[in-house]
Amino acid sequence: MSRTATRAPDLDWTDPDCPVARTLDLVGDRWSLLVIRDAMDGARSFTEFQRRTGIARNILTDRLRKLTAHGLLAQRTAPSGRRQEYVLTSAGRALFPVILTLRQWGERHAFAPGETHSVLVDQHGTPVPEIVPTSADGTLLDTDTTRVQKTR
């Protein structure tokens, strides 16, 4: 069992046996994913998260508490020593492929052809290539070539 799951024994899981459902219980609302996205893009303070997302203070407070309680963000003293800041934990950083996949889906399906949008680039300024799931032997995977297998 992961560290995150052991930290939330009282959570009412939507579907206790489904990893997708449990993940959505933790980060499946719009604001949580946008906070994670912005943390990946360097946001650290309450004010930065609020400015970037436009989220109401009470909702942001709730999401930051939830993401911290479940081990996706951690609080630490800012380098100035005058305030607390939020940083991604290893569990939070592990959501990068999820955010990237959502971004790439949005680039393909949420914009009209030719409509401008932001682009994720690597450290050299090159657009990040599309994520394509493959099996161990390199075969492309999709809904026709995978299935859920219960572990019990």
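Remember, predicted model here, so these are calculated numbers, not experimental data.

How each quantity is defined
Residues numbered from 1 in each chain as written. Predicted model: local features only at pLDDT ≥ 70, side-chain atom pairs only at ≥ 80, totals over all residues. Heavy atoms only, no water. pLDDT = per-residue confidence, 0-100. Helix = DSSP H or I, 4+ residues; strand = E, 2+ residues; numbered from the N terminus. Contact = heavy atoms within 4.5 Å. Pairing = 2+ DSSP bridges. Core = buried A, V, L, I, M, F, W, Y, C linked by side-chain atoms within 4.5 Å. Buried < 20%, exposed > 50% of the residue type's maximum accessible area, 1.4 Å probe, protein only. Polar contact = N/O pair within 3.5 Å; in protein donor to acceptor, adjacent residues only side chain to side chain. Phe/Tyr/Trp six-rings, centres within 6.5 Å; stacked < 30°, edge-to-face > 60°. Lys NZ or Arg CZ within 6 Å of the ring centre and 35° of its normal.

(A) Representation of the confidence of the model for the protein chain within the structure. Across the protein chain, pLDDT averages 91, with 93% of residues at or above 70. The least confident element of the protein chain, judged by mean pLDDT, is helix α1 (residues 3–6) at 47; the most confident is helix α6 (residues 90–93) at 98. Low pLDDT (under 50) marks residues 1–10, which in the prediction has ten contacts with non-local residues, meaning those over four places away or in another chain.

(B) Representation of the pairing of strand β1 (residues 73–77). The pairing of β1 with strand β2 (residues 84–88) spans five bridges and is antiparallel. Pairing of Gln 75 across the sheet is with Tyr 86, part of β2. Once β1 ends, the chain turns through six residues before running back antiparallel as β2, passing Gly 81 with a positive phi of about 80°.

(C) Structural detail: the nonpolar core. The biggest cluster of nonpolar side chains holds 22 residues, and the ones touching the most others in it are Phe 49, Leu 64 and Leu 73. Elements represented by at least two residues in this core include exactly α2 (19–27), α3 (30–40), α4 (46–53), α5 (57–69) and β2. The biggest single contributor to this core is α3, with six residues. Those residues within four positions of Phe 49 in sequence are excluded, and the remaining contacts are Val 35, Asp 38, Ala 39, Ala 43, Arg 44, Gly 54, Ile 55, Leu 60, Leu 64 and Tyr 86.

(D) Seen up close, α3. Most of α3 is tucked away: eight of the eleven residues are buried. Where α3 is concerned, the buried positions are Trp 31, Ser 32, Leu 33, Leu 34, Val 35, Ile 36, Asp 38 and Ala 39. The N-capping residue of α3, defined by a side-chain oxygen 3.1 Å from the backbone nitrogen of Trp 31, is Asp 29. Downstream of α3 by one or two residues, Gly 42 has phi in the positive range, about 105°.

(E) Spatial organisation of the packing of aromatic side chains. Inspection of the entire model under this criterion finds one aromatic pair. Both rings, one in Phe 49 and one in Tyr 86, keep their centres 6.3 Å apart while their planes meet at 70°; by these two values the pair is edge-to-face. With Phe 49 in helix α4 and Tyr 86 in strand β2, this pair connects stretches of sequence that are 37 residues apart. The residues Phe 49 and Tyr 86 share a single accessibility class, namely buried. Taking NZ or CZ as reference, Arg 30 lies 4.7 Å from the ring centre of Trp 31, over its face.

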